[in-house]
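Geometric and topological summary
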Amino acid sequence: AAAEPGAAPGGGSGSVPVLFCFSVFARPSSVPHGAGYELLIQKFLSLYGDQIDMHRKFVVQLFAEEWSQYIDLPKGFVVSERCKVRLVPLQIQITTLGNLTPSSTVFFCCDMQERFRPAIKYFGDIISVGQRLLQGARLLGIPVIVTEQYPKGLGSTVQEIDLTGAKLVLPKTKFSMVLPEVETALAEIPGVRSIVLFGVETHVCIQQTALELIGRGLEVHIVADATSSRSMMDRMFALERLARTGIIVTTSEAILLQLVADKEHPKFKEIQNLIKASAPESGLLSKV
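Residues numbered from 1 in each chain as written. Predicted model: local features only at pLDDT ≥ 70, side-chain atom pairs only at ≥ 80, totals over all residues. Heavy atoms only, no water.

**Some details on the packing of aromatic side chains**
Rules: In this analysis, rings of Phe, Tyr and Trp, with Trp reduced to its six-membered ring, are considered paired at centre separations within 6.5 Å, and the interplanar angle assigns stacked below 30 degrees, edge-to-face beyond 60, and tilted for intermediate values. Either the NZ atom of lysine or the CZ atom of arginine qualifies as a charge over a ring when it sits within 6 Å of the ring centre and within 35 degrees of the ring normal.
Evaluation of the coordinates by the stated rule reveals 5 aromatic pairs. Through a chain of ring-to-ring contacts, three or more aromatic side chains come together here, namely Phe20, Phe22, Phe25, Phe44 and Tyr48. In this structure, arginine 27 packs its charged tip against the face of phenylalanine 25, placed 5.6 Å from the ring centre. One residue, lysine 84, lies across the ring of phenylalanine 63, its end atom 4.6 Å from the ring centre.

Structural data, given as structure tokens:
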């Protein structure tokens, strides 16, 4: 695309105007000079997440002035001047594979607060597992986003959970964790593909968060042994419903070992010690 007024000069820095097209929509926005494929995808998800079906494959295309039509995004393409791109869904349904890598994963810790302690079934156990997950996130350099539901009335996150190094700790009144600040934070993390989600309550905040996230094209892993409700019936039916939508219901040990992937991983021994140190037998997994 030819350079137009407002584009960053060649080799410069700053933001570059880009027109993002999807279906019948076209929305002007901007990306950092030098942004590539992953950042363009993240911008599409932030603009059109509610319309994008995560179970389809897509191709990103660039409008080429010399051809007067869209062409597939060239290999190694980076944004250096004003341009127009579009996201085109292919007619191929794909199965969610559930692969996890630390570089494309973010942990979401939802409303693990003091006032829920007496009401939530197996709360002590999910605190223990949640703390293990956050320790694993710190070891592997995975960003952590934490929310607290109306902390003025319901208290802060329980003291047993160490939030050291969390990217965000936010109060909320909305049930879903997908707040504007959270969307901004996700857009700033390049290549985010998977969210590992745990906390309370399964059928309310966890469910609504998961549904909003997959609506934005992200893959969601719910940690069954770190997620609970006041009622085991509410929890069970929420997990069943979410699994039918393509959300992955899994366990903390599976998550941590999938993230290291190999016993030769430099952090494998530390992750292994975490797993050995705390594995409560609570009955939660018999009620998934």
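Alright, that's what it looks like, and here's the rest.
**Concerning the sheet that holds strand β9 (residues 194-200)**
Note the cut-off: In this analysis, strands are considered paired if DSSP registers two or more bridges between them. Numbering of helices and strands runs from the N terminus; a helix is a DSSP stretch of H or I covering at least four residues, while a strand is a stretch of E covering at least two. For every element, the axis is a line fit to its C-alpha atoms; helices are fit only across the contacting stretch, and the angle between N-to-C directions ranges from 0 to 180 degrees. Contacts were defined at the residue level, with two residues in contact if any of their heavy atoms lie within 4.5 Å.
The 6 strands lie next to each other as β8-β7-β6-β9-β10-β11, forming an open sheet whose pairing is parallel. Of all the strands in the sheet, the pair left with one neighbour each is β8 (168-172) and β11 (248-250). In this sheet, neighbouring strand axes are inclined to one another by 25 degrees on average, regardless of whether the strands run parallel or antiparallel. Pairing geometry for strand β7 (residues 144-149) and β8, over 5 bridges, is parallel. Bridging across to β8, glutamine 149 finds its partner in lysine 172. In this fold helix α2 (residues 123-140) packs onto β6 (105-110), β7, β9 and β10 (219-228), with an angle of close to 135 degrees to the strand it touches most, β10. This element, helix α4 (residues 180-188), spans β6, β7, β8 and β9 of the sheet and lies at about 155 degrees to β8.

**Considerations on the nonpolar core**
Under the convention used in this document: The nonpolar core is taken to be a set of buried Ala, Val, Leu, Ile, Met, Phe, Trp, Tyr and Cys residues, with the residues joined through side-chain atoms within 4.5 Å. Classification of residues uses two cut-offs on accessible area relative to the type maximum, computed with a 1.4 Å probe and protein chains only: under 20% is buried, over 50% is exposed, and between them is partly exposed.
Grouped together as the largest cluster of nonpolar side chains are 34 residues, with contacts concentrated most on Phe107, Phe123, Leu133, Phe198 and Ile255. Among the elements of the structure, β6, α2, β7, β9, β10, α7 (252-260) and α8 (268-277) are those that each provide at least two residues to this core. The leading source of residues in this core is α2, at 8 residues. With sequence-adjacent residues up to four places away left out, phenylalanine 123 is seen in contact with Met112, Gln113, Phe116, Arg117, Val158 and Val200. Ranked by size, the runner-up nonpolar core spans 28 residues in total, among them Phe108, Ala185, Ile206 and Ile222.

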